[in-house]
Amino acid sequence: MAKVQVKMPDEFLEKISKLGKHTDEITGKALRSGAEVVLGNFQANLSGVIGTGTKYESRSTGELERSLGITSVRIDKNGNHDIKVGFAEPRSDGDSNAKIANIIEYGKHNQPARPFLKPTKTSSRKPCKEAMIRTFEEEIKKL
């Protein structure tokens, strides 16, 4: 049987060992900082497409934009930390924010697509990671 041994860098092992009982707290702060970056891009991209490229005057109530938010950090059954950025449900008119967002993103008959989700994902990836790493390292220094 083949055996493979992978050694982690000493610097990384030092950081991990400092976490101790603060792991959940620090992980939550790091995830929250990344989620805030995504939320900012999400809001900007959504605001940029609402009411644009339509044949008729926009009927936007602003409810979709107001429903954007960040969940609290949760731990799933596998022990993974999770946070979500998205729309709260339901709308006051009984419709679904997810449905409205889908129509804006992909369009429908007589309504062109105005993507905002995919551009948010693309533009947020690197800054989100950087924010989480920066927060993680700042929290480690405090220990």
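So, here is what we can say about the structure in this document. These figures come from a predicted structure and were not determined experimentally.

### Some remarks on unusual backbone geometry
Pro90 follows Glu89 through a cis peptide bond whose omega is -10°. Residue placement: Pro90 occurs in the loop between β4 (85-87) and α4 (97-106). Phi is positive for Asn110, which is not a glycine, with a value near 65°. By the secondary structure assignment, Asn110 is in the loop between α4 and α5 (117-142).

### A few points about the packing of helix α2 (residues 23-49) against α5
α5 packs onto α2 with a crossing angle of 150° between their chain directions and a minimal axis gap of 7 Å. With respect to their mutual orientation, α2 and α5 come out roughly antiparallel. Seen along the crossing, α2 lies across α5 with a hand that is right-handed. Two secondary-structure elements touch here, α2 through Ile26, Lys29, Ala30, Leu31, Ser33, Gly34, Val37, Val38, Asn41, Phe42 and Asn45 and α5 through Leu117, Pro119, Thr120, Ser123, Ser124, Pro127, Cys128, Ala131, Met132, Thr135, Phe136 and Glu139. Looking at side-chain class alone, the contact of α2 with α5 contains 13 nonpolar, 8 polar and 2 charged residues.

Thresholds applied
Residues numbered from 1 in each chain as written. Predicted model: local features only at pLDDT ≥ 70, side-chain atom pairs only at ≥ 80, totals over all residues. Heavy atoms only, no water. Helix = DSSP H or I, 4+ residues; strand = E, 2+ residues; numbered from the N terminus. Axes fitted to C-alpha atoms, helices over the stretch in contact; angles between N-to-C directions. Parallel < 35°, antiparallel > 145°, perpendicular 65-115°, else oblique. Left-handed = near helix turned anticlockwise from the far one by under 90°. Contact = heavy atoms within 4.5 Å. Nonpolar A, V, L, I, M, F, W, Y, C, P; charged D, E, K, R; others polar.

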